[in-house]
Amino acid sequence: MPKIKTNRAAAKRFRKTGTGRIKRNKANASHIMTKKTTKRKRGLRQGDMVDSANLKKVKRLLPNL
């Protein structure tokens, strides 16, 4: 039986927290920042948790996490 490989693209984007939840960064924070408000940009800096609707897919990409 071969080893299960981790999806390396996903491994760079997600981290596991101490309580076992999966943390992610928010989208839309890399370019075209001038038209976004300061409040909006400040919110994009904060991390977020993976939603329950996507959790199963993310866990399949990261079997060893």
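Residues numbered from 1 in each chain as written. Predicted model: local features only at pLDDT ≥ 70, side-chain atom pairs only at ≥ 80, totals over all residues. Heavy atoms only, no water.

Novice: When you look at the overall build of the protein chain in this model, what are you seeing that I'm missing?
Specialist: Within the protein chain, the regular secondary structure consists of three helices and three strands. Taking 65 residues into account, the globule formula puts the C-alpha radius of gyration at 11 Å, and the protein chain, at 15 Å, lies well above it. Dimensions of the protein chain, computed from the C-alpha atoms along their principal axes, are close to 50 × 25 × 20 Å. Residue burial in the protein chain is summarised as follows: out of 65 residues, 14% are buried. Contacts in the protein chain between residues far apart in sequence, at least 24 positions, make up 57% of those at least 6 positions apart. (Helix = DSSP H or I, 4+ residues; strand = E, 2+ residues; numbered from the N terminus. Rg over C-alpha atoms; globule rule 2.2 N^0.38 Å. Buried < 20%, exposed > 50% of the residue type's maximum accessible area, 1.4 Å probe, protein only. Contact = heavy atoms within 4.5 Å.)

Novice: Mind showing me how you'd approach the pattern of salt bridges here?
Specialist: Side-chain pairs of opposite charge can arise where the charged atoms are in close proximity. Tallying each qualifying case throughout the model produces one salt bridge. In this structure, Arg24 engages Asp48 in a salt bridge whose closest nitrogen and oxygen atoms are separated by 3.0 Å. Note that Arg24 is positioned in strand 2 (residues 22-24) and Asp48 in strand 3 (residues 48-49), a separation of 24 residues in sequence. A residue is classified by how much of its surface remains accessible, and Arg24, at 28% relative accessible area, is partly exposed. (Salt bridge = Lys/Arg side-chain N within 4 Å of Asp/Glu carboxyl O.)

Novice: Looking at this structure, I do not really get the sheet that holds strand 1 (residues 14-16). What am I missing?
Specialist: Backbone-to-backbone hydrogen bonds pair the strands of a sheet. The strands run either parallel or antiparallel. Taken in spatial order, the three strands of this open sheet run 1-2-3, and their pairing is antiparallel. What marks the edges here is a single partner per strand, and that holds for strand 1 and strand 3. As paired strands, strand 1 and strand 2 are joined by three bridges and run antiparallel to one another. Residue pairing across strands places Arg15 opposite Lys23, the latter belonging to strand 2. (Pairing = 2+ DSSP bridges.)

Novice: Whenever I open this one, the environment of Arg40 confuses me. Can you help?
Specialist: For Arg40, the position within the fold is in helix 2 (residues 38-45). For the pair Arg40 and Ala29, spaced 11 residues apart in sequence, the C-alpha separation works out to 9.5 Å.

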